[in-house]
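# Remarks on the overall topology
So you can see what is in the structure, the chains are spelled out below.
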Amino acid sequence: MHVRIPRPWAIRESEVTEERIYRARRHFMKTSAVAALGAGLFPGLVAARAEQQLDALRPLEKSRFSTDEDPNTYEEITSYNNFYEYGTGKEDPARLAPKYLKPEPWSVEITGEAEVTGSFALEDLLKPHALEERIYRLRCVEAWSMVIPWVGIPLADVIKRFKPTSRAKYVKLTTLLDPEQMPKQDSGGIFGFLSTIDWPYTEGLRMDEAMNELSLLAVGLYGKEMPAQNGAPIRLVVPWKYGFKSVKSIVSIHFQETQPNTTWNDLAPNEYGFYANVNPEVDHPRWSQARERRIGELFKRDTLMFNGYGEQVASLYRGMDLSKHY
Ligand code: MTE
């Protein structure tokens, strides 16, 4: 018999929010707020119904940073992906990642300019932290977007435990390198585009960006463990930057003094900057970044500066020419 040993950090079955309930709750809360205004006659009834609906959910800590926009469906979020280790097609990751990626056991190496370094089992990395739900917009550099209810922990809280030294000016995050689990790291084909990528996929942040309250290490979405295609078991989410900064399946966090090399910046520096802040005024050389297509919607919408997170992050870039530091 296959016995599933629950990981300490795993979200309990009873806590899992069915997407159906989840979406219904959000709809209910929106409409009941309106209804409550006109429900002076039955205020007790409205409150009781709200409680009943909320009882169906487990109490993941809610975040004040969550958008109240409607999230994309679980199906959309897990079937339209970018994860080039499994191919360049949007459906490749959902087809191949669950087959090849083994997210358990998993450990993350902490190295470089920090007082505490070493290899940490994922459970130990996560144990001291409460899991939060953060419903963030994700804006891909390819001009599509989604709204995703992530589950994770603030990157800042994790970094603090390792006590970076004063020389730690940047943090580099790296994806697993293992062609057995990530077949396209091996078989891009010598003439294929994937062979031009110097695997493993690497990303980096300035230290103050990494410590920003929005930076999240995500381990799940929709109240469930992270699906393979979305970067199981742990990935970065930096919602004010183009999606390619949000590196998946992280095995290494390295603190360093100089700006790290990053995969897309190395491949095409004139197209993909190190900062990669969402900016409707700076076009990609081959397409406009002024508008975006929200997956599941018919009409395009305007792209927002910093993907709408300016209040939290604009101060990080004061005095910088964002058309140069794109
Ligand atoms: N991380 C790795 N290791 N490999 C990738 O190809 N693609 C990036 C980012 N992280 C990518 C990655 C890009 S371009 C985007 S838009 C997001 O992941 C997509 O995340 P999602 O598939 O969960 O929506």
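Refer to the preceding data block for the structure.
I will try to describe carefully the structure that is included in this document. (Residues numbered from 1 in each chain as written. Predicted model: local features only at pLDDT ≥ 70, side-chain atom pairs only at ≥ 80, totals over all residues. Heavy atoms only, no water.)

## Let's talk about the environment of S215
Its place among the elements puts S215 in the loop between helix 7 (207–210) and strand 8 (216–221). Residue classification places S215 among the buried residues on the basis of a relative accessible area of 0%. A sequence separation of 58 residues divides S215 from D157, and the C-alpha atoms of the two residues are 10.0 Å apart. When near neighbours in sequence (up to four residues on either side) are disregarded, S215 contacts I153, P154, L155, E209, A210, V237, V238 and W240. Among the polar contacts made by the side chain of S215, one reaches the main-chain carbonyl oxygen of E209 at a distance of 2.8 Å. (Helix = DSSP H or I, 4+ residues; strand = E, 2+ residues; numbered from the N terminus. Buried < 20%, exposed > 50% of the residue type's maximum accessible area, 1.4 Å probe, protein only. Contact = heavy atoms within 4.5 Å. Polar contact = N/O pair within 3.5 Å; in protein donor to acceptor, adjacent residues only side chain to side chain.)

## Thoughts on the pairing of strand 5 (residues 144–154)
Along a regular strand, successive side chains alternate from one face of the sheet to the other. Buried residues dominate strand 5, accounting for eleven of its eleven residues. Of the pairings in the sheet, the one linking strand 4 (residues 132–139) to strand 5 comprises eight bridges and is antiparallel in character. In the sheet register, L138 faces strand 5, and the bridge partner there is M146. For strand 5 and strand 12 (residues 291–294), the ladder comprises two bridges, and the chain directions are parallel. Counted as the bridge partner of S145 is R294 from strand 12. Direction of pairing for strand 5 relative to strand 8: antiparallel, over a ladder of five bridges. Of the residues in strand 8, the one forming a bridge with I153 is L217. (Pairing = 2+ DSSP bridges.)

## Things to note about the packing of aromatic side chains
Two numbers describe a pair of aromatic rings. These are the distance of the centres and the angle of the planes. Using the criterion set out here, one finds twelve aromatic pairs in the structure. A ring pair is formed by Y275 and Y317, whose centres lie 6.0 Å apart and whose planes are at 85°; its orientation type is edge-to-face. Here the residue Y275 occupies a position in the loop between helix 8 (263–267) and strand 12, and Y317 occupies one in the segment after helix 9 (310–313), the gap between them amounting to 42 residues. A relative accessible area of 8% places Y275 in the buried class. Ring pairing ties together the aromatic residues Y170, F274, Y275, F306 and Y317, which thus form one cluster. Above the plane of the ring of F274 lies K245, whose end atom (NZ or CZ) is 4.2 Å from the centre. (Phe/Tyr/Trp six-rings, centres within 6.5 Å; stacked < 30°, edge-to-face > 60°. Lys NZ or Arg CZ within 6 Å of the ring centre and 35° of its normal.)

## A closer look at the sheet that holds strand 11 (residues 250–256)
Pairing within the open sheet is mixed, and its five strands lie in the order 3-2-11-6-7. Of all strands in the sheet, those bounded by a partner on one side alone are strand 3 (118–121) and strand 7 (202–206). Each strand of the sheet is rotated relative to its neighbour by a mean of 20°, with strand direction disregarded. Two strands pair when backbone bridges link them, and strand 6 (residues 170–175) and strand 11 are joined in this way by six bridges, in the antiparallel orientation. Paired with T175 across the strands is I250, a residue of strand 11. (Axes fitted to C-alpha atoms, helices over the stretch in contact; angles between N-to-C directions.)

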